[in-house]
Amino acid sequence: MNKIQTIEQWHEVLEQSKHEPQLLLKHSATCPISASAYHALNDVETDVKKHYLIVQDSRFVSNEIESDLSEQHASPQLFLLKGGKVQWHATHYSITTMKIEKALEAIQ
């Protein structure tokens, strides 16, 4: 997984999503629910690029993502981006390997 730490990196992910789907996880480094979401995403076998952001380390990037996607902040929060837009997203306990796999199937 690719760690996002700057607004420029975030904008690159958003731009790449116009050409191919991207997965982006915003999560907390200290929350067990976030750890579970991180492992769920990491366990998904896919060619779709996976990215993550640690909210405590990059709050300004998290805020930019919230603004750009018009999605209220949550942590953990997973986005499936395609065409520069959110195609699917989930938060907290809704981030499971099975749900991620179903979301990926739905966009292909």
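Everything numeric here is computed off the predicted structure, so don't read it as measured data. (Residues numbered from 1 in each chain as written. Predicted model: local features only at pLDDT ≥ 70, side-chain atom pairs only at ≥ 80, totals over all residues. Heavy atoms only, no water.)

Asker: Please set out the pairing of strand 5 (residues 85-91) residue by residue, giving values where relevant.
Answerer: Regular strands place side chains that alternate from one sheet face to the opposite one. Relative to strand 5, strand 4 (residues 77-82) runs antiparallel, the two sharing 6 bridges. Along strand 5, the bridge assignment pairs Leu81 with Val86. (Pairing = 2+ DSSP bridges. Helix = DSSP H or I, 4+ residues; strand = E, 2+ residues; numbered from the N terminus.)

Asker: Requested: an account of the sheet that holds strand 3 (residues 49-54), with residues and values cited.
Answerer: The 5 strands are arranged 1-3-2-4-5 in an open sheet whose pairing can be described as mixed. Taken across any chain shown, the strands that pair with only one partner, and hence form the sheet edges, are strand 1 (2-3) and strand 5. Here 6 bridges tie strand 2 (residues 22-27) to strand 3, and the two strands are oriented parallel to one another. Residue pairing across strands places Leu23 opposite Lys50, the latter belonging to strand 3.

Asker: So what's going on with the pattern of salt bridges? Residues and values would help.
Answerer: Tallied over the full model, the rule gives 3 salt bridges. Residues Glu20 and Lys49 are paired through a salt bridge, measuring 3.5 Å at the closest nitrogen-oxygen approach. With Glu20 in the loop between helix 1 (7-16) and strand 2 and Lys49 in strand 3, this residue pair connects regions lying 29 residues apart in the sequence. (Salt bridge = Lys/Arg side-chain N within 4 Å of Asp/Glu carboxyl O.)

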